[in-house]
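# Examining the three-dimensional arrangement
Single-letter residue listing:
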Amino acid sequence: MFSSNDEQLIGKWQSQKSPGLTAYVFYDDGTYDSYISTVNFSGNYEVNGNKLTIRNPNTNKDIVYKFSVNEKVLSLTVIEEDGKEPEDSEVNKYDRVDELNQKSLSDLIGELADSKETSEDTAE
């Protein structure tokens, strides 16, 4: 049986900081998909209060996040990675979306090159 925290988490989440680069999809059966660009990783997750544990079956490693959902924004902060506290951890925010808009690495590199050209043009 899912708690309200579990139910808030279920859905598609696109990174605010790196849209098209990172995303998560949490399903109601306790599984998830994570995306880095168009590469997909799947595993299991567990919610305990405001803690989200993500398990990667390929590596047998766990990442524990402190999480909150405020309206349509998911905030994740790493509090433990493979049994160890991180030295430095920032809050990553994700927007709830209807569809993921993941970009290929070549798309992302092209955008970076375009933005660099634009900034060089304006600096001249």
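Coordinates for the structure precede this section.
So, a few notes on the structure that sits alongside this text. (Residues numbered from 1 in each chain as written. Predicted model: local features only at pLDDT ≥ 70, side-chain atom pairs only at ≥ 80, totals over all residues. Heavy atoms only, no water.)

## As for the nonpolar core
The criterion, for reference: The term nonpolar core refers to a set of buried residues drawn from Ala, Val, Leu, Ile, Met, Phe, Trp, Tyr and Cys, joined through side-chain atoms within 4.5 Å. Each residue gets one of three labels from its accessible area relative to the maximum for its type: buried under 20%, exposed over 50%, partly exposed in between, using a 1.4 Å probe on protein chains only. When checking whether two residues touch, look at their non-hydrogen atoms; a contact exists if any pair is within 4.5 Å.
Counting residues in each nonpolar core, the largest one holds 16 residues, and the members touching the most others are Phe-26, Leu-52 and Leu-74. Excluding residues that lie within four positions of it along the chain, Leu-52 makes contacts with Leu-9, Phe-26, Tyr-45, Glu-46, Val-47, Ile-63, Val-64, Tyr-65, Phe-67 and Leu-76.

## Some details on the side chain of Ser-34
Filter applied, for reference: Here a helix means four or more residues in a row that DSSP labels H or I, a strand means two or more in a row labelled E, and each is numbered from the N terminus.
For Ser-34, the position within the fold is in strand E3 (residues 31-36). Not counting the four nearest positions on each side in its chain, Ser-34 is found in contact with Ala-23, Tyr-24, Val-39, Asn-40 and Phe-41.

## Quick look at the side chain of Gln-14
We apply this condition: Two N or O atoms form a polar contact when they lie within 3.5 Å of each other; inside protein one atom must be a possible hydrogen donor and the other a possible acceptor, and for residues adjacent in sequence the pair counts only when both atoms belong to side chains.
Mapping Gln-14 onto the fold places it in strand E1 (residues 11-15). For Gln-14, the side chain forms a polar contact with the main-chain nitrogen of Asn-101, separated by 3.0 Å. At 2.6 Å, the side chain of Gln-14 forms a polar contact with the side chain of Gln-102. Those residues in contact with Gln-14, other than ones at most four positions away along the chain, are Pro-19, Gly-20, Thr-22, Ala-23, Lys-93, Tyr-94, Asp-95, Val-97, Glu-99, Leu-100, Asn-101 and Gln-102.

## A short note on the pairing of E1
Put simply, the rule reads: What makes two strands pair is DSSP finding at least two bridges between them.
With 4 of 5 residues buried, E1 is to be regarded as a mostly interior element. Pairing of E1 with strand E2 (residues 22-26) involves 4 bridges; the strand directions are antiparallel. Looking across to E2, one finds that Trp-13 is bridged to Tyr-24. Hairpin remark: E1 followed by E2, antiparallel, with 6 residues in the connecting loop; positive phi at Gly-20, about 90°. Pairing analysis gives 4 bridges linking E1 to strand E8 (residues 91-97), with the strands arranged antiparallel. Following the sheet pairing, Ser-15 is matched in E8 by Tyr-94.

## Digging into the sheet that holds strand E5 (residues 51-56)
Put simply, the rule is: With axes taken as lines fitted to C-alpha atoms, and helix axes fitted only over the stretch in contact, angles between N-to-C directions fall between 0 and 180 degrees.
Judged by pairing direction, the barrel is antiparallel, and its 8 strands sit side by side in the order E1-E2-E3-E4-E5-E6-E7-E8 before closing back on the first. Each strand axis lies, on average, 35° off the axis of its neighbour in the sheet, ignoring direction. Bridging between E3 and strand E4 (residues 39-48) involves 6 bridges; their strand directions are antiparallel. Residue pairing across strands places Ser-34 opposite Phe-41, the latter belonging to E4.

## Details of the pattern of salt bridges
As a reminder of what qualifies: Here a salt bridge means any side-chain nitrogen of Lys or Arg lying within 4 Å of a carboxyl oxygen belonging to Asp or Glu.
One pass over the structure, following the stated rule, counts 4 salt bridges. The salt bridge involving Arg-55 is made with Glu-46; its shortest N-O contact spans 3.9 Å. A relative accessible area of 33% means that Arg-55 is categorised as partly exposed. Here the salt bridges share partners, and the residues they tie into one network are Glu-46, Arg-55 and Asp-62.

Shape descriptors only; they carry no functional weight alone.
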